[in-house]
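# Close look at the chain arrangement
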Amino acid sequence: MKIVLNGPIGHQGTEILRRQFGAEADIVAVDHREVDEQAIRAFAEAEILVTVDFDDGLPPTPKLRLVHLPAAGLDAIDLAAVPAGCRVCNAFEHEIGISEYVMAAMLHHVVDLAGRSERFKAGSWAESPRLAAPFRPELAGQTIGSIGYGHIGRAVARRAKAFGMRVMALARTSRDVDPPPDWLGEPQDLPALLQASDFVLVACPLNDMTRGMIGEAQLAQMKPDAVLINIARGPIVDEDALYEALAKRRIGGAVLDTWYRYPEPGNSGLRPSRHPFHELDNVVMTPHCSGWTEGLMERRFAVIADNIERLRAGRPLINQVHPIPEAKRNRR
C-alpha cells in the first residue's frame, strides 16, 4: 500500500501513520512545490494521497484510490481533476481549538484582561471600583450569531451556552442538531442574525455561494458595537467593505484569523491584506492558527488511518465529500 503525504501539513502525519501501519505501508513525504523525479514516481505509484492541495498541475496519479485532506476546507481541491473512481474525504477535529479561540476572542472584548493588566502595571487605578470605575460588560446575556452550524459552530455553541449566552445560527438545511441553538435560520435569514448579534461568527465553508456574502450592506446591518469573528475563510467577507467598516468604526471591532493573502516560501513577510488592518486598534489579528493545537494532528490522522482501513476492507468512508455518498444525497 503506497501512501504519499504531500506538503508541510501532510508531512505532520508521517510518524503517526508509520506507527499505525508499520511495514504494511510504504509511506513517502513529498512536496508538490518542489517536484523532482522521486516525487513524480511517488505520485505515479500513490494509492492514497494525503494533501490539502489537488489540481491538474500535480504529476499524474493513475493508481489513486483516495485523496484525504488532513484538514476540513475543500477550496484548494479541484474535484474535477480527481481521477475517476477516486474518493475524497476531509477531516475536522479542529473544533476544539477553534472554539476555545472564539471564546477567548469574545472574552477579550468584554474582559480585556491583558489591557487592564497593562494599564494597572503602568500605575492607573482608573478601573477600580474604589474609584467608581465604570462597569465592564458581561458575556452572559449577549448573543452570538454563527453563520454556519457545523462542527465549529456547534462546538462554539456548547461553550457559549455554558457562559450564559444566547446562540443564533444559520444552516443550509433544517435538521436536528446538538446543541440546538436558541434560534435557527436559513441563509436568507442572514439579516435577522446580523441585526440581533453582539458577536457574529463566520464559520461556513468558502464556495461560490458564500464568497463575498458579507459585504457593505451586511456589515451595515450589524450593531454599531458588534464584533465580527472570522475563523472560516477571508474571502467570505468582502475585504474592502470590512476594512472600511472597521476604519470608520461602523462596527465595534473584528477578530480575524483567516485572510486574503498567504505567504509562500521566500515571502514570509507578506501582509495578509492589501489594506493596513494591522494599523487599526479595533482589530485583533492572528495568522490562521486558531485550530493549530497540540492534539489536532493526532486526532486528524486517527480519522485518516481509520479511513485507510475502511478503504482496504471495502467499508463506507467517514467524511466522504466526493463522490457524494448515496445516503447523503438522499438527505439533501
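Anything mentioned here points back to the structure above.
Residues numbered from 1 in each chain as written. Predicted model: local features only at pLDDT ≥ 70, side-chain atom pairs only at ≥ 80, totals over all residues. Heavy atoms only, no water.

## Some words on the packing of helix α2 (residues 14-21) against helix α10 (residues 296-313)
Running from amino to carboxyl end, α2 crosses α10 at an angle of 45 degrees, the nearest separation of the two axes being 10 Å. Classified by the angle between their axes, α2 and α10 sit oblique to one another. The element α2 and its partner α10 pack so that their crossing is right-handed. Mapping the contact onto sequence places Ile16, Leu17, Arg19, Gln20 and Phe21 in α2 and Met297, Glu298, Phe301, Ala305, Ile308, Glu309 and Arg312 in α10. Classifying every residue of the contact of α2 with α10 gives seven nonpolar, one polar and four charged. (Axes fitted to C-alpha atoms, helices over the stretch in contact; angles between N-to-C directions. Helix = DSSP H or I, 4+ residues; strand = E, 2+ residues; numbered from the N terminus. Parallel < 35°, antiparallel > 145°, perpendicular 65-115°, else oblique. Left-handed = near helix turned anticlockwise from the far one by under 90°. Contact = heavy atoms within 4.5 Å. Nonpolar A, V, L, I, M, F, W, Y, C, P; charged D, E, K, R; others polar.)

## Details of the pattern of salt bridges
Taken as a whole and judged by the stated rule, the model has 20 salt bridges. Close ionic contact of Asp75 with Arg233 constitutes a salt bridge, the shortest N to O distance being 3.1 Å. One end of the pair, Asp75, is in the loop between β4 (66-68) and β5 (87-89); the other, Arg233, is in the loop between β10 (227-230) and α9 (239-247), and 158 residues separate them in sequence. Here Asp75 falls in the partly exposed class, since its relative accessible area comes to 43%. By relative accessible area, which is 22% here, Arg233 ends up partly exposed. The closest approach of N and O atoms between Arg274 and Glu239, which form a salt bridge, is 2.9 Å. Remark: Glu239 occurs in helix α9 and Arg274 occurs in the loop between β11 (253-256) and β12 (283-285); sequence separation between them is 35 residues. Arg274 sits in the exposed class, given a relative accessible area of 52%. Sharing partners across several salt bridges, the network here consists of Asp112, Arg116, Arg119 and Glu127. (Salt bridge = Lys/Arg side-chain N within 4 Å of Asp/Glu carboxyl O. Buried < 20%, exposed > 50% of the residue type's maximum accessible area, 1.4 Å probe, protein only.)

## A few points about the packing of aromatic side chains
Per the stated rule, a full pass over the model turns up three aromatic pairs. Note on Tyr243 and Phe277: the rings are 5.4 Å apart at their centroids and 85 degrees apart in plane angle, and the pair reads as edge-to-face. Of this pair, Tyr243 sits in helix α9 while Phe277 sits in the loop between β11 and β12, and the two are 34 residues apart along the sequence. Phe277 carries the same exposure label as Tyr243, and that label is buried. Ring geometry for Trp259 against Phe277: centres 5.8 Å apart, planes inclined by 70 degrees, an arrangement best described as edge-to-face. Taken together, the residues span a long stretch of sequence, with Trp259 in the loop between β11 and β12 and Phe277 in the loop between β11 and β12 at a distance of 18 residues. Given a relative accessible area of 1%, Phe277 falls into the buried group. Through a chain of ring-to-ring contacts, three or more aromatic side chains come together here, namely Tyr243, Trp259 and Phe277. (Phe/Tyr/Trp six-rings, centres within 6.5 Å; stacked < 30°, edge-to-face > 60°.)

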